[in-house]
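The chain contents come next:
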Amino acid sequence: MDPKETPPLTLVIFGGSGDLTRRKLVPALYDLWAEGWFNTHSRILGVARRSKTHQEFREELADGIRTFSRIGTRDEGSFHAFLSRIFYQAGDFDDPKTYYGIRSFLNDDSVRSDTRGNALYYLATQPSYFIPIIRQLGAMGLSTPREQGEGTPPFSRVIVEKPFGRDLESAILLNTDLLNVFREEQVFRIDHYLGKETVQNILVFRLANPVFGSLWNRTHVSRVEIRVSESLGMEGRGGYFEEAGILRDMVQSHLFQVMALTAMEPPVAFEADSIRDEKVKVLRSLKPLSKDEIEANILRGQYAPGKIDGIPVAGYREEPKVAPDSRVETFVAMRIEVQNWRWAEVPFYLIAGKRMSRKATEITLHFREYPFAIFRLAHCEDRVPNSLTIRIQPNEGISFRFGLKRPSAQLHIDPADMDFSYEKSYQGSPPDAYERLLQDAMIGDSTLFARNDEVEKAWSYITPFLSAPGNRPDPLSYTAGTDGPDALAEFLGRP
Ligand code: BG6
């Protein structure tokens, strides 16, 4: 059996009528099905408040699959066979009746003989429902499935969507509730960035290439920039963003995960706990900042009206469900230091912003220059510091910048790039992050999911930056469609 082949199970999605289910989860499951990875005996049970029939639910999801599937639905027979595995159960998330319904679905003889009693719960609801759902699952005994005769005992696992808490205290409470009901190895805290091919390539690039691996330290690197820029604004999520802000929405999760993979030591083995041990060590090494140092090490911004691709767009304060005097950040740049043997005194800049000029997620390592620039003696002042950029998305690839002599009678040094592009080297689009992560949760591999201590360490660093907006300076305004506030270049200490 291929280790990536998934066992039969029932995937119970709480928040079955939500956007995430329609746009991401079910299209990803369908793509796994179309490629033969989703076990044909499995079932999907959507749970949400509104009442509807299985058929109505299937039609809603079919529409999402047609729009968002990577593979497409040309094979009608296979598409309809997939839809027939989908079921719906209406109910409130805090009502025990909902869970009686789920339990009778899971224990139905025809379901059990197909799924061997395996269950995977996916919490894709608003975060305020996470704890009530976990408690109800525990109370109904759904976290420990009923054994059935001989053979491998059935499993039950839970996937928890982000945001995992809204600060350190709430993350600890959520972890406590989860671990009262499930064991850590049953819990899969999802961060979809870890499912991206190019994020997984960070470790392969570092650890499979001695030339680059040997440069990966303070002796050669002068600073590291990790940037997640989006040209999108609120897309109807203004109410959520007013509560979250970009530190909670992007930095605590996605940027910290990418930073930890960039900075970590090689693991003792390429498996879940060894990798997560090293990521936690990075988070434990972050240099603590005093109250006074915090504001000096963060630049906060908020977008004002501007243009994206020549089209006028509203400012953050004009977005629906956003207060007209909101002080919530839609952009941050943070300077942090990983205080360990490898990285001491190398600044790591984490930059995230909405309504920037373009979508770009990139990691750039800037390398030190020679202390003695010999070409100055020949009156050439040109400087091209070496840098390595890993493009996570879009235009996925890696490029290395170096200086070369401009063909001319005079001495000039120009920048040039050695560039690798995934698109040019590989045909077809890689699996979506959710495909990879759902498949891993189904087979029980937690390497690409966050462990409880990882999440808590990330929150313990971020929480002091989250003080109430009234207790910190107003965010600087930047025009939508630009690269952030004007003060950014100085903050980054760019030469
Ligand atoms: C989500 C955030 O986790 O990630 C969104 O809540 C953000 O605000 C999204 O737009 C970005 O994901 P991606 O995969 O498009 O980079």
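Look a little higher up for the structure.
Residues numbered from 1 in each chain as written. Predicted model: local features only at pLDDT ≥ 70, side-chain atom pairs only at ≥ 80, totals over all residues. Heavy atoms only, no water.

**So, the side chain of arginine 300**
The criterion, for reference: In DSSP terms, a helix is any run of H or I states spanning at least four residues, a strand is any run of E spanning at least two, and both are numbered starting from the N terminus. Only protein chains enter the accessibility calculation, which uses a 1.4 Å probe; a residue is then buried when its area is under 20% of its type maximum, exposed when over 50%, and partly exposed in between. Pairing of N or O atoms within 3.5 Å defines a polar contact, subject to two protein rules: one partner must be a possible hydrogen donor and the other a possible acceptor, and residues neighboring in sequence count only if both atoms are side-chain atoms. Whether two residues are in contact is decided by their heavy atoms, any of which lying within 4.5 Å being enough.
In this structure, arginine 300 sits in strand E8 (residues 298-304). On the basis of relative accessible area, arginine 300 is assigned to the buried category, the value being 5%. There is a polar contact of 2.7 Å between the side chain of arginine 300 and the side chain of glutamate 295. Those residues in contact with arginine 300 that sit more than four places away from it in its chain are Leu247, Glu295, Glu329, Phe331, Val332, Phe465, Arg472, Pro475 and Leu476.

**Thoughts on the sheet that holds strand E7 (residues 221-229)**
Note on sheets: strands pair through backbone hydrogen bonds, and any given pair is parallel or antiparallel. Rules: Note on pairing: two strands pair once DSSP finds at least 2 bridges between them. For helices, the axis comes from a line fit to the C-alpha atoms of the stretch in contact; other axes are also lines fit to C-alpha atoms, and the angle between any two N-to-C directions lies between 0 and 180 degrees.
Spatially, the 9 strands line up as an open sheet ordered E16-E15-E14-E13-E7-E12-E11-E8-E17, and their pairing is mixed. Each of the sheet's edge strands pairs with one partner strand only, and the pair in question is strand E16 (413-421) and strand E17 (476-479). Each strand of the sheet is rotated relative to its neighbour by a mean of 20 degrees, with strand direction disregarded. Sheet strands in contact with helix H10 (residues 238-263) are E7, E8, strand E11 (331-337), strand E12 (347-353), strand E13 (360-367) and strand E14 (387-393), and its direction is about 140 degrees off that of E12.

**Observations regarding the site of the ligand**
The following threshold applies: One heavy atom suffices: a residue is near a molecule or strand as soon as one of its heavy atoms comes within 4 Å of it. The classification used treats Ala, Val, Leu, Ile, Met, Phe, Trp, Tyr, Cys and Pro as nonpolar, Asp, Glu, Lys and Arg as charged, and all other residues, Gly among them, as polar.
Around the ligand sit Lys162, His192, Tyr193, Lys196, Glu230, Arg237, Asp249, Met250, His254, Lys354, Lys359 and Gln393, and those are all the residues in its vicinity. Within the side chain of lysine 196, one N or O atom sits 2.6 Å away from an oxygen atom of the ligand. The side chain of histidine 254 places a nitrogen or oxygen atom 2.7 Å from an oxygen atom of the ligand. Among the elements that line the shell around the ligand, the one with the most residues is H10, at 3 residues. Class assignment of the residues belonging to the shell around the ligand gives a composition of 2 nonpolar, 3 polar and 7 charged.

**Here we look at the packing of aromatic side chains**
Rule in force here: Planes of paired rings set the category: under 30 degrees apart is stacked, over 60 is edge-to-face and the rest tilted, where pairs are Phe, Tyr or Trp rings (Trp by its six-membered ring) whose centres lie within 6.5 Å. Cation placement over rings: the criterion is NZ of Lys or CZ of Arg within 6 Å of the ring centroid and within 35° of the ring normal.
The final tally for this structure, using the stated rule, is 27 aromatic pairs. Measuring from centroid to centroid gives 5.0 Å for phenylalanine 93 and tyrosine 129, while their planes differ by 65 degrees, and the two rings are edge-to-face. With phenylalanine 93 in the loop between strand E3 (86-90) and helix H4 (96-107) and tyrosine 129 in the loop between strand E4 (119-123) and helix H6 (130-139), this pair connects stretches of sequence that are 36 residues apart. An aromatic cluster is built from Tyr240, Phe241, Tyr303, Tyr316, Phe331 and Tyr478, whose rings are joined through pairwise contacts. Above the face of the phenylalanine 87 ring, arginine 58 is positioned so that its terminal group lies 5.1 Å from the ring centre. In this structure, lysine 196 packs its charged tip against the face of tyrosine 193, placed 4.7 Å from the ring centre.

**Notes on the pairing of strand E15 (residues 397-405)**
Sheet analysis places E14 next to E15, joined by 5 bridges and oriented antiparallel. Bridged to threonine 389 within E15 is serine 399. As consecutive antiparallel partners, E14 and E15 are separated by 3 residues, and within that stretch asparagine 395 has a phi angle of approximately 50 degrees, a positive value. Of the pairings in the sheet, the one linking E15 to E16 comprises 9 bridges and is antiparallel in character. Each residue of the ladder has a partner; that of arginine 401, found in E16, is aspartate 417.

**Points about the nonpolar core**
The following threshold applies: Note on terminology: a nonpolar core comprises buried Ala, Val, Leu, Ile, Met, Phe, Trp, Tyr and Cys residues joined through side-chain atoms within 4.5 Å.
Phe14, Phe82 and Met259 are the most contacted members of the largest nonpolar core, which has 137 residues in total. At 11 residues, H10 tops the list of elements feeding residues into this core. Excluding anything up to four places from it in sequence, methionine 259 contacts Ile226, Val282, Leu283, Leu286, Ile336, Val338, Phe348 and Leu350.

**Here we look at the pattern of salt bridges**
Inclusion rule: Any Lys or Arg side-chain nitrogen located within 4 Å of an Asp or Glu carboxyl oxygen qualifies as a salt bridge.
Under the defined criterion, the tally for this structure stands at 39 salt bridges. Of the charged contacts in the structure, one is a salt bridge between lysine 4 and aspartate 440, with a shortest N-O distance of 2.7 Å. Separated by 436 residues along the polypeptide, lysine 4 in the segment before strand E1 (10-14) and aspartate 440 in helix H14 (residues 433-443) bring together distant segments of the chain. Look at aspartate 440 and you get buried, because its relative accessible area is 0%. Measuring nitrogen to oxygen at the nearest pair gives 2.4 Å for the salt bridge that ties glutamate 329 to arginine 300. Of this pair, glutamate 329 sits in the loop between strand E10 (311-313) and E11 while arginine 300 sits in strand E8, placing them 29 residues apart in sequence. On the basis of relative accessibility, which here comes to 4%, the residue glutamate 329 falls in the buried class.

**Concerning the pairing of strand E2 (residues 43-48)**
Worth spelling out the cut-off: Handedness rule for crossovers: strands pointing away from the viewer, path from the first strand over the helix to the second running clockwise, crossover right-handed.
Counting buried positions over the 6 residues of E2 gives 6, a clear majority of the element. Of the strand pairs in this sheet, E1 and E2 are connected by 5 bridges, and their pairing is parallel. Across the sheet, the residue bridging to isoleucine 13 is glycine 46, located in E2. Since E1 and E2 lie parallel, the crossover through helix H1 (residues 19-34) that links them has a hand, and here it is right-handed. Pairing of E2 with E3 involves 5 bridges; the strand directions are parallel. Of the residues in E3, the one forming a bridge with isoleucine 44 is isoleucine 86.

**Considerations on H4**
In plain terms, the rule: The span one expects for a helix is its residue count, reduced by one, times 1.5 Å. Taken from the helix axis, the directions to the C-beta atoms give the arc we talk about.
Taking 1.5 Å per residue as the helical rise, H4 with its 12 residues ought to reach 16 Å, and the 16 Å between its terminal C-alpha atoms agrees with that figure. Along H4, the residues classified as buried are Thr98, Tyr99, Gly101, Ile102, Phe105 and Leu106. In a view along the axis of H4, the buried residues occupy a sector of 150 degrees, so they form one face of it. Those residues of H4 that are buried are in contact with E1, E2, E3, helix H5 (109-115), E4 and H6.

**Focus: a nonpolar patch on the surface**
The condition is simple: Patches were defined on residues exceeding 30% relative accessible area and lacking a salt bridge, with like-charge contacts within 9 Å and nonpolar side-chain contacts (Val, Leu, Ile, Met, Phe, Trp, Tyr) within 5 Å. A 1.4 Å probe and the Shrake-Rupley method give the accessible areas. Residues count as covered only by the protein chains that appear here.
A contiguous nonpolar patch, built from Phe372, Ile374, Phe375 and Leu377 and spanning about 460 Å² of accessible area, is present on the exposed surface. Along the polypeptide, phenylalanine 375 turns up in the loop between E13 and E14.

**As for the sheet that holds E4**
Read from one edge to the other, the open sheet built from 6 strands follows the order E3-E2-E1-E4-E5-E6, with strand pairing classed as parallel. Two strands in the sheet have a free side with no partner beyond their single neighbour: E3 and strand E6 (187-189). On average, each strand axis in the sheet is tilted by 20 degrees relative to the strand beside it, whichever way the strands run. Each of E1, E2, E3 and E4 touches H1; the most contacted strand, E1, lies at about 170 degrees to it.

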